Amino acid sequence: MAENMDIVRLRQLRLRRKRLLKLLLGLLAVTACIIVYVKRDVWFPKLEGIGTKYQNITQNKNADTEGNYPLSVSGGVDYYTSFVGNHMFILCDMYLYIYSADGDQKDSRQHAYSNAVMQTSGSRCLLYSCNGTKFRVDTANKMLFENTLEQPILFARIGKNGYTAVVTESETYASRLCIFDANGKSVYNRDCVDRLVDVTLYDGGCVFATLGAENGEITTTLQSVTFNGDHVVWASSPMPTLCMNIYALSDGGAMVIGDSSCAYYSSTGALLYSYDYTGELLDYTYSDEKAAILVKNEEQRQSQLLLFSKIAAQPAQVSIPYIAKSVEIDDETAYILGIHSIDGYAFNGNQTSQLEMTDSYERIMKNGKYFYLLGYDKINRINANGS
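The residue numbering used here restarts from 1 in each chain and proceeds along that chain's sequence as written. In view of the model being predicted, local features appear only for residues whose pLDDT reaches at least 70, and side-chain atom pairs are presented and counted only at 80 or more, with totals across whole chains, interfaces and linings using the full set of residues. Each side-chain value is derived from all of the structure's non-hydrogen atoms; neither hydrogens nor water enter the calculation.

How would you explain the overall build of the chain if you had to name every residue and give the values?
Segments assigned H or I by DSSP are reported as helices when at least four residues long, segments assigned E as strands when at least two residues long, and all are numbered from the N terminus. Scanning the chain from N- to C-terminus turns up two helices and 33 strands. Intrachain contacts of the chain at a sequence separation of at least 6 include 37% that bridge at least 24 residues. Here the chain has roughly 20,300 Å² of accessible surface; of this, 50% comes from carbon and sulfur atoms. By definition in these notes, contact holds between two residues if any of their heavy atoms fall within 4.5 Å. With residues, only the protein chains shown are counted as cover, and all accessible areas are computed by Shrake-Rupley using a 1.4 Å probe.

Can you break down the side chain of Ser-236 residue by residue, with the values?
Tracing the chain through its elements places Ser-236 in the loop between β18 (232-235) and β19 (243-248). Given a relative accessible area of 9%, Ser-236 falls into the buried group. There is a polar contact of 2.9 Å between the side chain of Ser-236 and the backbone nitrogen of Leu-222. In this view, Ser-236 contacts Thr-221, Leu-222, Tyr-265 and Gly-269; residues no more than four positions away in its chain are not counted. Accessibility here uses a 1.4 Å probe with only protein chains present; expressed as a share of the type maximum, an area under 20% marks a residue as buried, one over 50% as exposed, and anything in between as partly exposed. N or O atoms within 3.5 Å of each other form a polar contact, as long as, within protein, one can give a hydrogen and the other can take it, and as long as residues adjacent in sequence are counted only when both atoms are side-chain atoms.

Lay out the nonpolar core with the relevant residues and their values.
Grouped together as the largest cluster of nonpolar side chains are 27 residues, with contacts concentrated most on Phe-135, Leu-177, Leu-196, Val-199 and Cys-206. Counting only elements with at least two residues in this core, the list comes to β8 (124-129), β9 (134-138), β11 (153-158), β12 (164-168), β13 (175-180), β14 (186-192), β15 (195-202) and β16 (205-214). A total of five residues in this core trace back to one element, the largest contributor, which is β11. Sequence-distant contacts of Leu-196, that is, excluding residues within four places in its chain, are made with Phe-155, Val-167, Ser-175, Leu-177, Phe-208, Ala-209 and Thr-210. Side-chain atoms within 4.5 Å link the members of a nonpolar core, which is a set of buried Ala, Val, Leu, Ile, Met, Phe, Trp, Tyr and Cys residues. If you look at the next biggest cluster of nonpolar residues, it comprises 19 residues, including Tyr-79, Tyr-95, Tyr-99 and Ala-101.

Let's hear about the pairing of strand β17 (residues 217-226): which residues, and what values?
Of all ten residues making up β17, seven are buried, and the element is well covered by its neighbours. Whether two strands pair comes down to DSSP finding at least two bridges between them. Pairing of β16 with β17, which is carried by ten bridges, proceeds in the antiparallel orientation. Directly across from Thr-210, in β17, lies its bridge partner Thr-221. Adjacent in sequence and paired antiparallel, β16 and β17 are bridged by two residues, among which Asn-215 carries a positive phi angle near 55°. With three bridges joining them, β17 and β18 adopt antiparallel strand pairing. Its bridge partner being in β18, Gln-223 is matched across the sheet by Ala-235. Joining the antiparallel neighbours β17 and β18 is a turn of five residues, in which Gly-229 adopts a positive phi near 130°.

Outline the sheet that holds strand β29 (residues 341-346), listing residues and values.
The pairing of strands in a sheet happens through backbone hydrogen bonds and is either parallel or antiparallel. Within the open sheet, the four strands sit side by side as β27-β28-β29-β30. Their pairing is antiparallel. The outermost strands of the open sheet, each flanked by one partner alone, are β27 (326-330) and β30 (351-356). Neighbour-to-neighbour, the strand axes of this sheet turn through a mean angle of 20°, independent of strand direction. Looking at chain direction, strand β28 (residues 333-337) and β29 are connected through five bridges and run antiparallel. Note that in β29 the partner of Leu-337 across the bridge is Ile-342. A fitted line through C-alpha atoms serves as each axis, taken over the contacting stretch for helices, and the angle formed by two N-to-C directions is quoted from 0 to 180°.

Please give an account of the packing of aromatic side chains that cites residues and values.
Think of it this way: a Phe, Tyr or Trp ring, Trp meaning its six-membered ring, pairs with another when their centres are within 6.5 Å, and the plane angle makes it stacked under 30 degrees, edge-to-face over 60, tilted otherwise. Considering all chains together, one arrives at twelve aromatic pairs under this definition. If you follow Lys-366 out to its NZ or CZ, it ends over the ring of Phe-371, 5.8 Å from the centre. By definition, being over a ring means that NZ of Lys or CZ of Arg is both within 6 Å of the ring centre and within 35 degrees of the ring normal. Over the aromatic face of Tyr-370 sits the side chain of Arg-381, whose NZ or CZ is 3.8 Å from the ring centroid.

Explain the pairing of strand β20 (residues 254-258) to me, using residue names and the numbers behind them.
For β20, the tally of buried residues reaches five of five residues, placing the bulk of the element in the interior. Burial along β20 is two-sided: Ala-254, Val-256 and Gly-258 facing one way and Met-255 and Ile-257 facing the other are all buried. Between β19 and β20, which follow one another and run antiparallel, lie five residues, and Gly-252 among them has a positive phi close to 95°. As judged from the four bridges shared by β20 and strand β21 (residues 261-265), these two strands associate in the antiparallel manner. Across the sheet, residue Ala-254 finds its bridge partner in β21, namely Tyr-265.

Don't take any of this as a statement about function, it's just geometry.
If you want it as structure tokens, here you go:
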């Protein structure tokens with residue numbers, strides 16, 4: 001009888017050990033899963049790099065071609081391009097590529113951002129994850145810093161002074177404005193009862209645009225604030241347009257480019273000048289308080305180029321006998337990309353140049369003596385004087 005009891009106890013002990021072992025293994029598996037999930041932003045980029053690294057952008061190896069152009073872009077890949085100093089930054093879905101002006105690849109940096117967006121100013125490049133919580137600032141030499149926020153990012157902007165403005169969702173307000181200095185340190189936060197749609201930075205403060213509605217129309221209202229407190233420098237009256245971009249002026253005012261009109265505001269928020277477009281907004285650009293705006297008339301298959309050379313001045317108007325694709329400003333000239341040429345116009349409206357092209361492109365950039373042509377599957381370069 002005693003021998004039978006020993007056997008029963010031994011079996012029970014073995015069952016307990018098995019159950020305990022299963023419990024420990026289960027806890028270890030759950031712990032491992034939690035660690036992998038928490039550290040996913042560290043592990044996933046490393047796992048993506050295992051094996052052959054896939055290049056979205058590849059150089060041309062034809063020795064007979066000046067530089068390494070055209071650069072080939074993998075078909076179907078969305079990319080964004082901008083110059084940071086004399087370096088061309090190209091953002092793709094997984095990588096930030098950095099090229100010299102001659103097309104030599106200098107660096108490729110992986111990012112783990114979904115819906116990545118790029119903004120540039122001066123010597124810095126801002127990357128952020130739209131609807132994500134991370135953003136970072138890079139230079140041509142290295143990544144300077146990366147921050148993680150508590151709420152999803154709606155949009156972000158970077159200023160010439162290195163400050164960064166990040167607009168996020170808010171649990172209790174329509175949106176939240178977060179300002180970071182050149183080292184990534186938080187220096188200012190503001191909760192906004194209205195939805196922010198754009199921000200432009202100036203030394204010591206910023207101007208932001210909020211969205212509203214009056215009489216069934218979308219409106220834009222501007223406010224200028226400083227970062228040394230909660231002081232509102234000025235606020236504008238609502239403007240009946242959807243703000244696309246705002247730009248801070250040297251006199252403390254701002255220019256707004258909207259979807260149906262544009263306007264200048266003084267350093268007290270007073271409306272100085274507004275202009276209603278006669279067609280649909282096609283493209284626009286701004287540089288050193290000069291603006292070039294393209295609108296189109298789809299029925300007549302024509303475009304109009306509006307050239308603003310001075311603050312609150314009547315624009316020069318140029319009729320274009322085709323629907324242009326994009327516009328770029330370089331010094332005192334506005335360049336439009338047409339069907340078969342790049343046409344240059346002085347800000348008085350007089351045409352100054354025309355450069356014929358053989359291939360079709362979607363956008364242009366100008367850096368130094370070259371035009372950089374951005375197409376669906378390639379990035380090319382041509383001399384601005386046609387040689």
